[in-house]
Every structure is written in structure tokens, then in C-alpha cells.
Amino acid sequence: MPSHRATGDLHGIEFPADAATLLADGEGFLTRAFHASGALPAGNRVSEISQAEEFFGGGTGRKLVLRVAYASPAPDLPEELFIKFSRNFDDEVRDRGRFMMVSEARFATLSGSADFPVAVPRCLFADVEAQTGTGLLITERLQFGSDGLEAHYPKCMDYLVPEPLEHYKVILKAQARLAGTHRRGGLSPEFDRYFPYQPDLAAAAFAVHTPLEKLLKWAERMFDFVARYPQLFPENVRSPGLREQFIRDIPDVIAAADSVRALAMGNPDLIALCHWNANIDNCWFWRDGAGELHCGMLDWAMVGQMSVAQAISGVISGAESAIWDDQLGELLQVFVEEYAASGGPLVDAGELERLILLSLAVSGISFFMGAPVAIAREIGELEGVISYRDQCFQEHENARIQLHMMTRMLNTWQTRNLGDMVRQYGQAGDGGVKK
């Protein structure tokens with residue numbers, strides 16, 4: 001098997017780009033890496049790798065978990081390590097996501113300060129060769145379900161989460177603390193250097209590139225899927241009226257996409273440094289001595305300055321429809337209060353809600369109609385499947401996420417009349433929202 005190595009832009013040392021090479025380089029590389037990052041004192045070394053296993057999960061590079069020992073053990077030196085490679089040399093499609101580690105590695109080197117406003121896993125080494133997207137991240141391994149931590153909650157399986165509303169509130173508080181601290185200038189200037197606001201990149205989330213004719217075909221395919229497998233969907237999504245409504249709304253959403261993008265990017269009070277996808281699977285949770293719930297955040301790929309509405313949508317994108325139907329306003333108020341308390345501007349929760357729903361309409365026709373194709377590719381026929389909670393969806397993460405995102409979008413389209421909201425917004429004119 002060939003060895004894969006790269007030279008990092010941050011620490012200037014050669015590092016392994018896959019598990020086999022890392023294990024071949026062994027304790028010597030880990031010692032050099034931890035010395036370079038400052039995680040390990042010069043007089044200490046990694047003395048043994050006693051266990052190494054591949055970790056399966058996530059969508060891009062390969063992963064590994066290690067158990068190590070040190071010549072001089074110390075309480076602040078984790079022995080259980082999580083290794084993330086940006087590369088996946090065995091899967092060309094997954095390997096295309098390797099450039100996401102450029103931002104993740106830079107973030108990891110900056111977020112270890114004691115005053116960083118969000119809990120993050122302790123980073124022992126992070127580096128990336130930006131030109132090739134080859135990177136390596138080594139952090140402590142969180143012991144989900146032990147050491148006082150709750151179990152890990154997979155994305156789009158909130159029916160397994162105790163008190164999901166409470167969990168989403170603490171995630172949004174953490175997101176708001178980060179955003180508010182950034183807005184008041186409480187982070188190192190290096191964050192603005194490495195993570196500047198890039199309007200063109202941010203605008204891509206609100207673009208509709210697919211022609212109307214093709215979108216209409218995708219919509220017909222989507223509703224044919226709903227009709228074929230009604231057991232997967234709530235009653236309101238199965239309504240023939242929703243099919244007619246959705247297809248009728250598509251041209252109006254296309255027409256409004258540029259205005260929605262301008263709205264999302266037009267208020268500087270709503271632009272801040274945020275976690276791009278702080279969904280429940282990218283967080284860990286614990287309770288303090290008083291029983292209060294807290295969370296930390298994992299997987300900081302694509303971290304950057306963005307619309308806080310986009311960041312909030314990322315937090316709750318995997319939530320059950322009841323959260324969107326009944327508790328969206330309550331969650332947004334939690335964000336607004338913590339954002340201001342952390343030094344950010346006082347923003348209007350109603351404006352945030354309108355922006356989130358208008359953005360959902362645009363992303364709904366752009367990204368969320370592909371579930372039938374993804375499910376057919378991963379699972380096949382669903383005749384014997386009882387519901388979206390079936391074992392096959394628990395086992396096939398992408399199929400589960402695609403089904404959930406499509407269902408949530410259609411449910412919200414029906415319960416919030418997104419087409420009417422888009423038309424009302426368009427009638428308001430001049431980038432305003434008609435109230």
C-alpha cells in the first residue's frame with residue numbers, strides 16, 4: 001500500500017494523510033506533531049499506541065481512533081484520541097470534500113484558548129496543505145455515554161432524544177455566544193483574518209440554478225414518491241392539495257430568489273462567525289451539578305462568517321416537524337437574547353423567522369427534492385417499510401437525512417404557506433418584508 005504524506009502550511013512538518021501511513025510512522029510522528037503544536041512539552045513523548053481502530057461516520061475523509069500512552073502521563077494529556085483525515089483515497093466522491101479541512105484545521109488551532117465561548121474538543125494537532133486539501137486533525141476522543149456525557153444523537157433521529165427542545169435551546173445558546181462574542185470583537189483578530197465574510201460564497205446558498213422545466217419534473221417525481229410510500233409521511237404532506245400548491249409556487253420562488261438572497265445578506269447585524277452545521281449530531285451534551293444542560297460543538301468544517309439565520313437553520317434542520325410548527329418562535333427568542341447578552345446587536349426574532357422561512361422556500365426547490373433518487377440508490381424498494389423510523393433508515397444515514405429534509409420542507413411549506421409568504425414578500429418590494 002502506498003504511503004501518503006503532505007507538508008502542513010500551519011506547522012511546516014510532514015504529516016501522514018491516511019491511517020496506514022500514520023500507524024507506520026507511529027509514536028515518533030505523534031510526538032513530533034504534538035511538540036510542533038505545543039500540546040506536548042518538549043521533555044515528554046508518546047511512548048505507545050496500544051489500540052487503533054477505524055471509525056466509521058461522517059461524509060468525507062477516513063477516521064481513526066487511537067489509545068496512546070505518554071512517557072510522563074498528565075491529566076491534561078488525553079489518552080483516547082480521534083483522528084480525522086481530509087482524504088479518502090478509496091472513494092473519489094468523498095475525497096472531493098477534502099478542502100473543507102482547510103477551514104477546520106485553522107479553526108482548531110485558534111479555538112483552544114481558555115476564553116473561547118464554546119466548548120470544543122481539545123486539539124492536539126491540526127494542519128493542512130491547502131493547495132491539495134490534504135489535512136490531518138487529532139483531538140481528544142469524547143466518551144459518549146460515559147464520563148458524564150450523554151449518548152451521541154444521530155442526525156434526523158430526534159425521536160431518540162430526551163427533551164429535544166431543551167437540547168436545541170442549548171445549541172442555539174452556544175451558537176449565539178459565538179456569534180455575539182465575534183460581533184463585539186471578543187475573538188482573536190486571527191479569526192477575521194482566516195474567516196472573512198465572503199458575500200459571493202454566502203450567496204451560493206440562495207441561488208437557483210436549475211431550469212424551471214427540470215424543477216417541475218423533480219417536483220412531480222417527489223410527489224409520486226409520496227403517493228407510492230404514504231406510510232413515510234404525515235397526513236398533511238400526503239394531501240393532493242399540497243402537490244398542486246407546491247408546483248404552482250415554484251415559479252414565484254424562482255422569481256423571488258435574488259430578493260431573498262439580498263435580504264439574507266443585507267442586514268450587517270445578522271452576519272457573524274458561526275458553526276455552519278451545528279445540528280444535534282455535531283454536538284455533545286452534559287449536565288452540571290445543578291442539572292442544567294450544556295453542550296459543546298464538533299466538526300467545524302465550513303466554519304465562517306454567515307447569516308445567523310442560515311446558521312440557525314443548520315442547527316434545527318434535523319429537528320422533527322413539531323419543532324418547526326410549534327416552537328420555532330420560542331427557539332429564536334433564545335438565540336436573540338443570548339446573542340445580545342454576548343455582545344451582539346439586539347435583533348428582531350420576527351425578522352429572523354421570516355428570513356429562515358423564505359430561505360427554506362428557496363432551498364426547498366434547490367436542494368430538497370432529491371430524496372427519491374437517494375433512497376432508491378441506498379435502500380431500494382420500501383414496500384415492507386412501516387415508517388421513517390424503520391431500521392433501514394437508521395442504517396442508511398444519507399437516505400434518512402434526505403427523507404427527513406424533504407419531509408420537513410414539505411410540512412413547513414404546507415403549515416406556513418411558504419408560497420404565499422414568498423408572494424407577499426415580493427409584493428412588499430424594495431427588499432422589504434410586508435408585515
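If you're wondering where the values come from, they're calculated on a predicted model, not measured in any experiment.

A few words now on the overall build of the chain. Helices and strands together make up the secondary structure of the chain, namely 16 helices and eleven strands. Since a compact globule built from 435 residues should have a radius of gyration of about 22 Å, the 23 Å found for the chain is in line with a globular shape. In terms of overall dimensions, the chain has C-alpha extents of about 70 × 50 × 45 Å along its principal axes. Across the 435 residues in the chain, those meeting the buried criterion constitute 50%. Here the analysis covers contacts within the chain between residues at least 6 apart in sequence; of these, 69% occur between residues at least 24 apart. Of the roughly 19,000 Å² of accessible surface on the chain, 49% is carried by carbon and sulfur atoms. For the chain, the centre of its 39 positive side-chain charges and the centre of its 58 negative side-chain charges are spaced 3 Å apart.

Here we take up the nonpolar core. I171, F246, L352 and L410 are the most contacted members of the largest nonpolar core, which totals 101 residues. Among all residues touching L352, those that are not within four sequence positions of it are L270, V308, A309, I312, L332, F335, V336 and V347.

Relative to the helices and strands, M369 is located in the loop between α12 (349-367) and α13 (371-378). Sequence-wise, M369 and K173 are 196 residues apart; in three dimensions their C-alpha atoms are separated by 31 Å. Dropping the residues within four chain positions of it, M369 is found in contact with L215, W218, A219, R221, M222, F246, G364 and M409.

This paragraph deals with the side chain of H275. With respect to the element layout, H275 can be found in the loop between β8 (271-274) and β9 (283-287). The exposure class assigned to H275 is buried, which follows from its relative accessible area of 0%. Within polar-contact distance, the side chain of H275 engages the backbone nitrogen of A278 at 3.2 Å. A distance of 2.7 Å separates a polar side-chain atom of H275 from the backbone oxygen of L298. The residues touching H275, leaving out its near neighbours within four places in the chain, are Q175, L178, N282, M297, L298, D299, W300, M306 and A311.

A few words on the packing of aromatic side chains. Overall, the coordinates contain 16 aromatic pairs when judged by the stated rule. Here F223 and F246 contribute two aromatic rings whose centre-to-centre distance is 5.7 Å and whose plane-to-plane angle is 65°, an arrangement assigned as edge-to-face. You can see F223 sitting in helix α7 (residues 212-228) and its partner F246 sitting in helix α8 (residues 240-266), a full 23 residues away along the chain. Judged by centre distance (4.5 Å) and plane angle (55°), the ring pair of F246 and W413 falls under tilted. Remark: W413 occurs in helix α15 (residues 397-416) and F246 occurs in helix α8; sequence separation between them is 167 residues. Taken individually, F246 and W413 each receive the classification buried, so the pair is uniform in this respect. Ring pairs connect the aromatic residues F107, F116, F191, F195 and W300, which therefore count as one cluster.

Glancing now at the packing of α7 against α13. Working note: a packed helix pair is described by the angle between its axes plus the distance between those axes. Their axes nearest at 9 Å, the elements α7 and α13 cross at an angle of 55°. Between α7 and α13, the interaxial angle falls into the category oblique. Within the contact between the two elements, α7 uses R221, M222 and F225 and α13 uses P372, V373 and I375. Split into classes, the residues belonging to the contact of α7 with α13 amount to five nonpolar, no polar and one charged.

Moving on to the pattern of salt bridges. Tallied over the full model, the rule gives 23 salt bridges. For E14, the salt bridge is made with R5, and the minimal N-O distance between the two is 3.8 Å. Between D95 and R98 there is a salt bridge; the shortest N-O distance is 3.3 Å. On the basis of relative accessible area, D95 is assigned to the buried category, the value being 9%. The network of salt bridges with shared partners includes D249, D252, D420 and R423.

The next point concerns the side chain of S321. Within the secondary structure, S321 is located in helix α10 (residues 321-326). For S321, a relative accessible area of 19% gives the class buried.

Here we take up unusual backbone geometry. Backbone geometry places D147, a non-glycine residue, at a positive phi of 55°. In this fold, D147 is placed in the loop between β7 (134-140) and α4 (164-183). Positive phi is not limited to glycine here, since D299 has a value of about 55°. With respect to the secondary-structure elements, D299 resides in the loop between β10 (293-297) and β11 (304-307). Using a relative accessible area of 33% as the deciding quantity, one classes D299 as partly exposed.

Definitions and limits used
- Residues numbered from 1 in each chain as written.
- Predicted model: local features only at pLDDT ≥ 70, side-chain atom pairs only at ≥ 80, totals over all residues.
- Heavy atoms only, no water.
- Helix = DSSP H or I, 4+ residues; strand = E, 2+ residues; numbered from the N terminus.
- Rg over C-alpha atoms; globule rule 2.2 N^0.38 Å.
- Buried < 20%, exposed > 50% of the residue type's maximum accessible area, 1.4 Å probe, protein only.
- Contact = heavy atoms within 4.5 Å.
- Areas by Shrake-Rupley, 256 points an atom, 1.4 Å probe, with all protein chains shown as cover.
- Lys, Arg positive; Asp, Glu negative; His and termini not counted.
- Charge placed at Lys NZ, Arg CZ, Asp CG, Glu CD.
- Core = buried A, V, L, I, M, F, W, Y, C linked by side-chain atoms within 4.5 Å.
- Polar contact = N/O pair within 3.5 Å; in protein donor to acceptor, adjacent residues only side chain to side chain.
- Phe/Tyr/Trp six-rings, centres within 6.5 Å; stacked < 30°, edge-to-face > 60°.
- Axes fitted to C-alpha atoms, helices over the stretch in contact; angles between N-to-C directions.
- Parallel < 35°, antiparallel > 145°, perpendicular 65-115°, else oblique.
- Nonpolar A, V, L, I, M, F, W, Y, C, P; charged D, E, K, R; others polar.
- Salt bridge = Lys/Arg side-chain N within 4 Å of Asp/Glu carboxyl O.

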